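# Structural features, examined
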Amino acid sequence: MKSKWKKICLTWLTVFLFVMVVACSEGASVKDMENKETNEKVTLEFLWFSAGIEGDVMREIIKEYQAKNEHVEIKIIEVGYSDLETKLKTMIASGQPPALTRISNTGIFSEQALDLSSYVGGVDEFTSQFLPSIKPYYVKGDKIIATPMDVSSNGLIYNKTLFEKAGATVPQSPDEVWTWDEFAAVIQKVKEKGGAKYGLVVDGTPHRYSTLLYEFGGSIFTEDLSKPAINNEEGVAALDYFINLHKEGIIPESVWLGGENPGNLFRSGTTAAYLAGNWMLSNYKDIENFEWGVTYLPKNEIRSSVPGGNYIMGFKNTGVEDETADFINYLSSQEINAKFNQESLFLSARKDNSELDYEFGKEMFKTFSNELENTPMAAANDWGNQVVISKVSSEMRDAVVKALSGETTSKEAMDKVAEALEQAIADTE
């Protein structure tokens, strides 16, 4: 009997001790969570690049956020734009991705991105706040892989001083937009009578070149993105015209064939016009040796720009996903997005921030915005397909360069790009 009671007592004692251990353990866990929420500092590594003054603006925004969220420290890791993707790939491969990054080529990292859908109220509600043309950049399937911060547009910056010296005028409204042939004639006049050493400079990138492609009615892909279209009649005609602009001396060979910096050429005051992105406005704010302005891009079959921009992307497997999503939500709000873009001199991607009170270049930004409003959906459809297009960007540029140098015909060059696109499409299926 004693043995029986002894066993019962031991059993109850074991149960009691187990309950106490679990209770203490749960109590400790709750306490640890409370400590984390109230005391423990959380660090968010923010991989960042700057093209102008926006880094200073972001640091001020971070300072304001940290004052409201004292448990969060946001550490900016700044790299050059050309180094960002390599740095990001290295960090991800090592199992130590940053909490978040500023990025333009979102599609490359869509599989590693933190899905923000549950944090921002769902895809439909969130995307309704932004320009519809950029949706392919940050929505993949039913996932939101990033939040838009600023949108970019290609446009035409021109040297007012040289134009005035030549007695040349620029379009004052969208109704007066030049054709490319009319524009070429004006540029020749500015070179001959205004003393411009260079006519039009164009960044040596497929993104900037494709402005002409869309204006000729072409596209990189078919509408459903299943096949390349860059080597069709319109695509070849666009490259033929680009080559002719070089042959006539409208565009100097030193940029695409010689690697000369077009931004520096324009800043020197010796260049009539520059086909560039709107972010160059802040870079040229300090120019004092000549006057400059913004006018409308020439057109061919249609008008076009190419939408682009920068996004904020968070990453999975960091251990700080909730804090990251909270900060990204803060950045994408109407008020903070307006502050960032207005003070950085950028165009906002939010519909309710379409007209900001810029301290500099307000009318210039309106002209760039008008370019986006007159851009066909094909441009956003093409460049939103970043997983594919990122694999062939170098081939696209090389093909244009070979055609410019006379190594190949325009048709042969575009056929080569089409082959690379077909392979890239097949690799992603």
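Details of the structure are given in the entry above.
Per chain, residues are indexed from 1 in the order of the written sequence. Local features are withheld for residues below a pLDDT of 70 in this predicted model, meaning they are given only at 70 or higher, and side-chain atom pairs are given and counted only at 80 or more; totals for whole chains, interfaces and linings count all residues. Only hydrogens and water are set aside when side-chain values are computed; all heavy atoms of the structure are taken into account.

In this text, helices come from DSSP runs of H or I with a minimum length of four residues, and strands from runs of E with a minimum of two, each type numbered from the N-terminal end. Helix and strand counts for the protein stand at 18 helices and 12 strands. Expressed along its principal axes, the backbone C-alpha trace of the protein runs to roughly 115 × 45 × 35 Å. Think of it in three bands: with a 1.4 Å probe and only protein chains considered, a residue is buried below 20% of the maximum accessible area for its type, exposed above 50%, and partly exposed in between. A buried classification covers 50% of the 429 residues belonging to the protein. A contact between two residues is defined here by any heavy atoms of the two lying within 4.5 Å. Nonlocal contacts in the protein, meaning residues at least 24 apart in sequence, comprise 75% of its contacts between residues at least 6 apart. In these tables, accessible area is a Shrake-Rupley quantity obtained with a 1.4 Å probe, and a residue counts as shielded only by the protein chains included in the view. Approximately 20200 Å² of the protein is accessible, and the part contributed by carbon and sulfur atoms is 50%. Under this rule, positive means Lys or Arg and negative means Asp or Glu; His and the chain ends count for nothing. Lysine's charge is taken at NZ, arginine's at CZ, aspartate's at CG and glutamate's at CD. Taken as two groups, the 41 positive and 64 negative side-chain charges of the protein have centres that lie 6 Å from each other.

This brings us to the nonpolar core. Judged by nonpolar contacts, the single largest core of 134 residues is most densely connected at I157, F163, L200, I220 and F327. With nine residues, helix α17 (residues 386-405) is the single largest residue contributor to this core. Other than its neighbours up to four places away in sequence, L200 contacts L156, W180, F183, I187, I250, I251, P252, A273, Y274 and L275. Residues belong to a common nonpolar core when they are buried Ala, Val, Leu, Ile, Met, Phe, Trp, Tyr or Cys residues joined through side-chain atoms within 4.5 Å.

On to the packing of helix α2 (residues 54-68) against helix α13 (residues 321-332). The packing of two helices is summarised by the inter-axis angle and the distance between the axes. Contact geometry for α2 and α13: axes closest at 11 Å, N-to-C directions at 120°. Judged by the inter-axis angle, α2 sits oblique to α13. Seen from above, α2 lies across α13 with right-handed handedness. Between α2 and α13, the residues in contact are M58, I61, I62, E64, Y65 and K68 and E323, D326, F327, Y330 and L331, respectively. In this classification, Asp, Glu, Lys and Arg are treated as charged, Ala, Val, Leu, Ile, Met, Phe, Trp, Tyr, Cys and Pro as nonpolar, and every other residue, Gly included, as polar. Looking at the contact of α2 with α13 residue by residue, the class counts come to seven nonpolar, no polar and four charged. The axes used here are C-alpha line fits, helices contributing only the stretch in contact, and every angle between their N-to-C directions lies in the interval 0 to 180 degrees. Every angle not falling under 35 degrees, over 145, or within 65 to 115 is termed oblique; those three ranges are roughly parallel, roughly antiparallel and roughly perpendicular. Crossing handedness follows the turn of the near helix against the far one: under a right angle anticlockwise gives a left-handed crossing, and clockwise gives a right-handed one.

Let's shift gears to the side chain of N385. Along the chain, the position of N385 falls in the loop between α16 (377-384) and α17. Once residues lying within four places of it in the same chain are set aside, the contact partners of N385 are F221 and L225.

Quick look at the sheet that holds strand β7 (residues 154-159) now. When DSSP locates at least two bridges between a pair of strands, those strands are taken to pair. Taken in spatial order, the four strands of this open sheet run β8-β9-β7-β10, and their pairing is mixed. Either end of the sheet is taken by a strand with one partner, and the two such strands are β8 (198-202) and β10 (292-295). Between one strand axis and the next, the sheet turns by 25° as a mean value, whatever way the strands run. Examined bridge by bridge, β7 and β10 share four bridges and lie antiparallel to one another. Bridged to L156 within β10 is T295. Of the strands in this sheet, β7, β8 and β9 (271-277) touch helix α7 (residues 180-193), which is tilted by about 130° from β8.

Each pocket or cavity is described by its volume, and for the largest pocket that value is around 1200 Å³. Breaking the lining of the largest pocket down by element, the ones donating at least two residues are α3 (81-93), β3 (100-103), β6 (147-152), α8 (206-215), α11 (262-267), α12 (280-283), β11 (308-314) and α17. Here the element with the most residues in the lining of the largest pocket is α17; it accounts for eight residues. Residues that form the lining of the largest pocket fall into these classes: 17 nonpolar, 20 polar and 10 charged. As a volume, the second largest pocket reaches approximately 450 Å³. Cavity means a closed set of points on a 1 Å grid over the protein atoms alone, one where a 1.4 Å probe fits but cannot get out, pocket means an open set with protein on both sides within 12 Å along at least 5 of 7 lines, and lining means a residue has an atom within 4 Å of a point. L131, S354, S369, N370 and E373 are the residues nearest the centre of the second largest pocket, which is lined by 24 residues in total. Sorting the residues of the lining of the second largest pocket by element identifies β12 (347-348), α15 (362-373) and α16 as the ones contributing at least two each. For the lining of the second largest pocket, the element with the most residues is α15, which contributes seven residues. A breakdown of the residues in the lining of the second largest pocket according to their chemical character gives 11 nonpolar, seven polar and six charged. Grid points are joined across faces, edges and corners, and a volume is the space filled by probe spheres set on the points.

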